[in-house]
Amino acid sequence: MKLSTVVSCAAAIAAFWSGPAVAASRFKVTFYGWPDNDPPGNGIANPVLHQGAGGVGTSDDPITVAVRQGRFRPGTRMYLPSLRKYLIVEDICASCRSEQIDIWMESDERFRDQVIACEEAWTPEGTVEVEIDPPPGRPVSTTPFFDKRRGRCNR
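Report follows, based on the coordinates.

Criteria and thresholds
- Residues numbered from 1 in each chain as written.
- Predicted model: local features only at pLDDT ≥ 70, side-chain atom pairs only at ≥ 80, totals over all residues.
- Heavy atoms only, no water.
- 1 Å grid on protein atoms, 1.4 Å probe; cavity = no way out; pocket = protein on both sides within 12 Å on 5 of 7 lines; lining within 4 Å.
- Points joined across faces, edges and corners; volume = space filled by probe spheres on them.
- Nonpolar A, V, L, I, M, F, W, Y, C, P; charged D, E, K, R; others polar.
- Helix = DSSP H or I, 4+ residues; strand = E, 2+ residues; numbered from the N terminus.
- Core = buried A, V, L, I, M, F, W, Y, C linked by side-chain atoms within 4.5 Å.
- Buried < 20%, exposed > 50% of the residue type's maximum accessible area, 1.4 Å probe, protein only.
- Contact = heavy atoms within 4.5 Å.
- Phe/Tyr/Trp six-rings, centres within 6.5 Å; stacked < 30°, edge-to-face > 60°.
- Lys NZ or Arg CZ within 6 Å of the ring centre and 35° of its normal.
- Arc of directions from axis to C-beta.

1. Brief notes about the layout of surface pockets
A probe as big as a water molecule, rolled over the atoms, marks out the empty space that is left.
Stage number 1. Looking at the largest pocket, its volume works out to about 240 Å³.
Stage number 2. Lining of the largest pocket is provided by Tyr32, Asp36, Asn37, Asp38, Gly43, Ala66, Asp91, Ile92, Cys93, Ala94, Ser95 and Asp102.
Stage number 3. Within the lining of the largest pocket, the residues separate by chemical class into five nonpolar, three polar and four charged.

And the structure:
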C-alpha cells in the first residue's frame, strides 16, 4: 500500500470521528437587556424562535443575540464555549462593530441599575471564541446571566 493512500485513509478516519467542521471566529462580546434595548423592552427585529428576546442557552432554546445589520442572517446559530451557551441571531445591534455580538440578558422593567451593572460584569475583555453553526450536543449551562426575580447578577 502506498504511503499517500495510508495518509488519505488516516485523514478520512480522523474527519469521520471528529464530526463536521465548525467555523470558529473571535468576537467582542457585549450584553443588552430590557433597560438598554432600543426601545426598552424585549422586542426584537427578526423573530425566528422567540416572539421577544429570550432563551435559556440550549441548542433547542438558544439565547437571542443581536449583531450588526447584514453581518449574519436571522436564525444563524452560535455557541460560546466559554459561556457554554447556544445563541440565535434574532436582533440588530445598531452600535455593534462587524466582529461584535450583543447577547440578550434575561430581564424586565424592574432592576434597571442592577441589569446594567450585570451586563458590564459579564462583558469580557478582548475577544471570545464563537462557533458559527455548531452542532447540537455541546455542554450547556442554563443558569441565566441575571436572576430577574431577585434582581441579582449570577456572576
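2. Examining unusual backbone geometry
Stage number 1. Put simply, Asp38 and Pro39 share a cis peptide bond, and its omega is 0°.
Stage number 2. Structurally, Pro39 can be placed in the loop between β1 (23-32) and β2 (63-67).
Stage number 3. Located in the positive-phi region is Arg84, a residue other than glycine, with phi close to 55°.
Stage number 4. When you line up the elements, Arg84 lands in the loop between β3 (77-80) and β4 (85-92).
Stage number 5. With phi around 60°, Phe111 is a residue other than glycine that occupies positive phi space.

3. Details of the nonpolar core
Stage number 1. Counting residues in hydrophobic clusters, the biggest one holds 30 residues, and the most contacted among them are Phe31, Met78, Leu80, Leu87, Ile101, Ile103 and Phe145.
Stage number 2. Contributions of two or more residues to this core are made by β1, β2, β3, β4, β5 (100-104), α2 (112-122) and β6 (128-132).
Stage number 3. Every residue in contact with Phe31, bar those within four places of it in the chain, is listed here: Asp36, Leu83, Asp102, Ile103, Met105, Glu119, Trp122, Thr123 and Phe145.

4. Some thoughts on the packing of aromatic side chains
Stage number 1. A complete count under the given rule lists seven aromatic pairs for this structure.
Stage number 2. Pairing Phe27 with Phe72 gives two aromatic rings, centres 5.9 Å apart and planes at 50°, and the pair type is tilted. Remark: Phe72 occurs in the loop between β2 and β3 and Phe27 occurs in strand β1; sequence separation between them is 45 residues.
Stage number 3. One aromatic cluster in this structure is built from Phe31, Trp122 and Phe145.
Stage number 4. The ring of Phe145 has Lys85 lying over it, and the distance from NZ or CZ to the ring centre is 5.1 Å.
Stage number 5. Directly above the ring of Trp122 sits Arg155, whose terminal nitrogen or CZ lies 4.4 Å from the centroid.

5. Let's talk about α2
Stage number 1. Listing the buried residues of α2 in full gives Val115, Cys118, Glu119 and Trp122. Here the buried residues of α2 occupy an arc of 105° about the axis, which is enough to place them on one side. In this structure, α2 carries Asp113 and Glu120 as exposed residues pointing more than 90 degrees from its buried face.
Stage number 2. Against the buried residues of α2 lie β1, β7 (146-147) and β8 (152-153).

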